[in-house]
Amino acid sequence: MAPREPLCSLLPLWLQLLGLSLGLGLGLAVASRPGVVVLLADDLGYGDLGCFGHPSSFTPNLDRLAASGRRFSDFYSAASVCSPSRAALLTGRYPTRSGIFPGVFYPGSKGGLPLNETTVAELLKQQGYVTAMVGKWHLGYGLNGIYLPIHHGFDEFLGVPYSHDQGPCQNLTCFPPDTKCYGKCDQGVVLLPLIRNNTVVQQPVSFPKLTAQYDRFARDFILRAAQQQKPFFLYYASHHTHYPQFASADFTRKSMRGPLGDALLEFDGSVGQILKALRDAGVENNTLIFFTSDNGPELMRRSRGGNAGLLKCGKGTTYEGGMREPAIAYWPGQIAPGVTHELASTLDILPTIASLTGAKLPRVKLDGYDMGDILFNNGKSKRDTMFYYPVSASKKLGVFAVRKGRYKAHYYTQGSTHSDSTPDHDCHWDSFLTPHDPPLLFDLEADPSENYPLSSSDIPNYSWIINQIHEEKLIFEQEMEFGESQIEKGVDPNLEPCINAGCRPRPTCCVKT
Ligand code: MG
């Protein structure tokens, strides 16, 4: 079923005209088509938010979205690390199709999200939307920034093209000013650049001031769009709560959870700023906000790395903790408050937004489904399977696990350095690749922690679901066309973003203080 009409279009014409002439909030008018805001946290685990059960997190704004919107209990990213997960969110396709494997992009990566992939921003631009991205991109920089967001459908961009640990962060200032950031990060590459559209405007970035800049950018964009009565799409991809943890003065030492809690608190502050901007622009009731995280927590950082709650393992694995994420959809007056246990994924964001805005779907194989029934009709999900590729996805091994309904079958399991330091040895790097035939089968509704595989003596009773899963896997893998790996194209240090174009010696000359 189609979503209900946006509230403003249900208003009598005279009232809409009155609203336009008198203005709302800061004297701004309401565009008739809905605004769309996608908020993405980084490496935030299933158990990291108070509204998902964490006892000492403080996130009043996210909690408000959860209380007044639809909270998802069974929402998945399409990968357990940053780059492929983000590719899936923006394209509605498994990242194997777009070639975003194995692993993630580096500052000098030659490849990026291929320019012939269609992002949700490009779909919305065709619908007359203004589009902006702020924060962490991590889908490639390439030669002279050819893969940046402005080449993927975003009118404006302010942010860092990759993870903020992919530069020598010990040279960066954290708060208080005399404190070095915790940890060493990557060495031998350029200092972290801040990019506006296609230009490096700061190198290194100032961590204590970064979020405030992002929030101002987001607010200006929303207010401008409302003033021009243009529908808008904002993709706000925060660096929080990826390692190394940082926060500005307003948030440092303010949480109960130490550096990660401070970073999370600052992210929540940004959510509050965006809500305020929407309210001030008079468009809060005409905007869909969708919040989630790109992948599970980096458990190798111990308590600085996040928490997967009751789920097994975290980042880098195909256990639930690697790919099952907190998610919230919020749209006052349109999405009824509550919790859904339906299966959904970041892959579904593009088809859902397309359906909502009347945008035409790209003519390529999509892996997402319209979530309209879940959001607007409290109905059933069109999705009943989820396929889990490992970080080093390959045609040879195929998917590592499949969820169908309440059951999940692991064909392979493997630990990851990203999930080291948990008490569970299955998560560690030295839990090597292990095939399972028959697959390890879990009932995720009875056992969401994947603690108790249905034993071999139980299996005869479950052969029907194993057969069904096997059939789905076969069909899926037969239809899967792997794109050319963009990450295996390798790196060229000369491609790294630099504020002093053509300077030598790199990377040390790429700095402006
Ligand atoms: Mg991440």
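Residues numbered from 1 in each chain as written. Predicted model: local features only at pLDDT ≥ 70, side-chain atom pairs only at ≥ 80, totals over all residues. Heavy atoms only, no water.

1. Things to note about the sheet that holds strand β10 (residues 287-293)
Piece 1. Ordered in space as β8-β7-β4-β3-β9-β1-β10-β11-β2-β12, the 10 strands form an open sheet in which the pairing is mixed. Taken across any chain shown, the strands that pair with only one partner, and hence form the sheet edges, are β8 (199-202) and β12 (338-345). The mean angle between the axes of side-by-side strands here comes to 15 degrees, regardless of whether they run parallel or antiparallel.
Piece 2. Bridge count between strand β3 (residues 130-136) and strand β9 (residues 232-237): 6 bridges; the pairing is parallel. From the neighbouring strand, M133 faces β9, where its bridge partner is Y235.
Piece 3. Each of β1 (35-41), β2 (70-76), β10 and β11 (324-330) touches helix α3 (residues 60-68); the most contacted strand, β11, lies at about 70 degrees to it.
Piece 4. Against the sheet, helix α10 (residues 349-357) contacts β1, β10 and β12, and its axis sits at roughly 165 degrees relative to β1. (Pairing = 2+ DSSP bridges. Helix = DSSP H or I, 4+ residues; strand = E, 2+ residues; numbered from the N terminus. Axes fitted to C-alpha atoms, helices over the stretch in contact; angles between N-to-C directions. Contact = heavy atoms within 4.5 Å.)

2. Quick look at the state of the cysteines
In a disulfide, the sulfur atoms of two cysteines are held together by a covalent bond.
Piece 1. Scanning the model with the defined rule gives 3 disulfides in all.
Piece 2. The disulfide that involves C498 links it to C510, with 2.1 Å between the sulfurs. Disulfide C498-C510: the torsion about the S-S bond is -105 degrees, which places it as left-handed. Here C498, found in the segment after α12 (459-479), pairs with C510, found in the segment after α12; they are 12 residues apart in sequence, far enough to count as distant.
Piece 3. Under the relative-accessibility criterion, C510 is labelled buried at 0%.
Piece 4. Between the sulfur atoms of C503 and its disulfide mate C509 the distance is 1.9 Å. Taking the sign of the S-S torsion, 70 degrees for the link of C503 and C509, the bridge is right-handed.
Piece 5. Note on C509: relative accessible area 14%, which makes it buried. (Disulfide = S-S within 2.5 Å. Buried < 20%, exposed > 50% of the residue type's maximum accessible area, 1.4 Å probe, protein only.)

3. Some thoughts on the side chain of S293
Piece 1. Relative to the assigned elements, S293 resides in strand β10.
Piece 2. At a separation of 2.9 Å, a polar atom in the side chain of S293 contacts the main-chain carbonyl oxygen of L44.
Piece 3. Polar side-chain contacts of S293 include one of 3.2 Å to the backbone oxygen of N295.
Piece 4. With near-sequence residues (within four places) excluded, S293 lies in contact with L40, A41, D42, D43, L44, S77, E325 and P326. (Polar contact = N/O pair within 3.5 Å; in protein donor to acceptor, adjacent residues only side chain to side chain.)

4. Side note on the sheet that holds strand β13 (residues 385-388)
Piece 1. Reading across the sheet, the 4 strands line up as β13-β14-β15-β16 and stay open at both edges, with antiparallel pairing between neighbours. Edge positions in the sheet fall to β13 and β16 (434-443), since each of these pairs with one other strand and no more. Mean inter-strand twist for the sheet, computed between neighbouring axes without regard to direction, equals 10 degrees.
Piece 2. As paired elements, β13 and strand β14 (residues 401-404) share 4 bridges and run antiparallel to each other. The residue of β14 that forms the bridge with Y388 is A401.

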